[in-house]
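# Commentary on secondary and tertiary structure
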Amino acid sequence: MFIPDIYKNENQEEIKDFLQKNSFGILVNQTKGKLWATHIPLELDINTTGKQVLYGHISKENPQWESFVDNDKILAIFSGAHSYISSSWYDHENVPTWNYIAVHVYGTIKIIEGKAVIESLKKLVDKYEQNAENPVRVEDFSKKTMRQTRGIVAFEIEIEEIQAQHKLSQNRDEKNYNNIISELKKTKNPQATAVANEMLKCRK
């Protein structure tokens, strides 16, 4: 991903937090001679050898998994808040742009089997059920329901490189920067408000 230095985020804690909060990503690799992408949860974790990984699963009917052995290099894309920035929000003439937050993760994927599959499913369900009024647990599913796991392919991605970008008008002076935040909030659009909040954190 092309990242001008001014927009590059190298704060590892911020990146980790972003990946945990924006874990619905896009898994990209080359499958049967063309680029293939699947939209799925990809959860950040530390594996049994102490390495940073992403784990997830896809349907066995999805042909993407068939390439995991012979073509194991992948790209996982994660997007955060984003919004249009109008040039009318500046005190000078300039072009409009787009503010956004994105992280690209590069790594090596391998299929996992057996107990490791169930453990990855437990972690996934527990994370998203923790605030539910009546949370469900994988441990409570019947044998009949658990047979559905035969229809998935679970995997672990050993992370080799992370590229993180937060394009948040860092190239603007204080006056224009604050005006952009104000105008974003006026839109009452959830994405625009989220960008405004990220911009407030960026200049603290």
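Note: the structure precedes this text.
Here is a short report on the structure shown in this document. Worth saying up front: this structure is predicted, and the values here are computed from it rather than measured.

The rules we used
- Residues numbered from 1 in each chain as written.
- Predicted model: local features only at pLDDT ≥ 70, side-chain atom pairs only at ≥ 80, totals over all residues.
- Heavy atoms only, no water.
- Core = buried A, V, L, I, M, F, W, Y, C linked by side-chain atoms within 4.5 Å.
- Buried < 20%, exposed > 50% of the residue type's maximum accessible area, 1.4 Å probe, protein only.
- Helix = DSSP H or I, 4+ residues; strand = E, 2+ residues; numbered from the N terminus.
- Pairing = 2+ DSSP bridges.
- Axes fitted to C-alpha atoms, helices over the stretch in contact; angles between N-to-C directions.
- Contact = heavy atoms within 4.5 Å.
- Expected span 1.5 Å × (residues − 1).
- Phe/Tyr/Trp six-rings, centres within 6.5 Å; stacked < 30°, edge-to-face > 60°.
- Lys NZ or Arg CZ within 6 Å of the ring centre and 35° of its normal.

With 34 residues, the main nonpolar core has Leu27, Phe78, Phe155 and Leu184 as its most contacted residues. Here this core gets 5 residues from one element, more than from any other, and that element is strand β5 (residues 73-85). Listed in part, the 7 residues of the second largest apolar core include Val117, Leu121, Met146 and Ile152.

What follows is about the pairing of strand β6 (residues 97-112). Two strands pair when backbone bridges link them, and β5 and β6 are joined in this way by 11 bridges, in the antiparallel orientation. Within β6, the residue paired with Ser83 across the bridge is Asn99. One ladder, built from 13 bridges, connects β6 with strand β7 (residues 152-167); its direction is antiparallel. Looking at the pairing, Lys110 lines up with Glu156 of β7.

Further remarks concern the sheet that holds β6. Read from one edge to the other, the open sheet built from 7 strands follows the order β2-β1-β5-β6-β7-β4-β3, with strand pairing classed as antiparallel. The open sheet has two free edges, formed respectively by β2 (34-41) and β3 (43-46), since each of these has just one partner strand. Here the strands of the sheet are splayed against their neighbours by 35° on average, with no regard to which way each runs. In the packing of helix α2 (residues 115-129) onto the sheet, the strands contacted are β2, β3, β4 (52-59), β6 and β7, and the crossing angle to β4 comes to about 95°.

Turning our attention to helix α4 (residues 174-186). With 13 residues, α4 extends 19 Å between its outermost C-alpha atoms, agreeing within 8% with the 18 Å of an ideal straight helix rising 1.5 Å per residue. All of the buried residues along α4 are Asn176, Tyr177, Ile180, Ile181, Glu183 and Leu184. In this structure, the buried side of α4 is in contact with β5 and α5 (190-202). Immediately downstream of α4, the backbone of Lys188 shows phi near 60°, a positive value.

As enumerated under the stated definition, the model contains 2 aromatic pairs in all. Ring centres of Phe68 and Phe155 lie 5.6 Å apart, and the angle between their planes is 75°; this geometry places the pair in the edge-to-face category. One end of the pair, Phe68, is in the loop between β4 and β5; the other, Phe155, is in strand β7, with 87 residues separating them in the sequence. The exposure classification of Phe68 matches that of Phe155, with both residues buried. Where Tyr84 meets Trp98, the ring centres are 5.9 Å apart and the plane angle is 65°; that geometry is what we call edge-to-face. Linking Tyr84 in strand β5 with Trp98 in strand β6, this pair joins segments that are 14 residues apart in sequence. For Tyr84, a relative accessible area of 41% corresponds to the partly exposed category. Residue classification places Trp98 among the partly exposed positions, given a relative accessible area of 42%. For Arg172, the ring lying beneath its charged end belongs to Tyr90, and the centroid distance is 4.2 Å.

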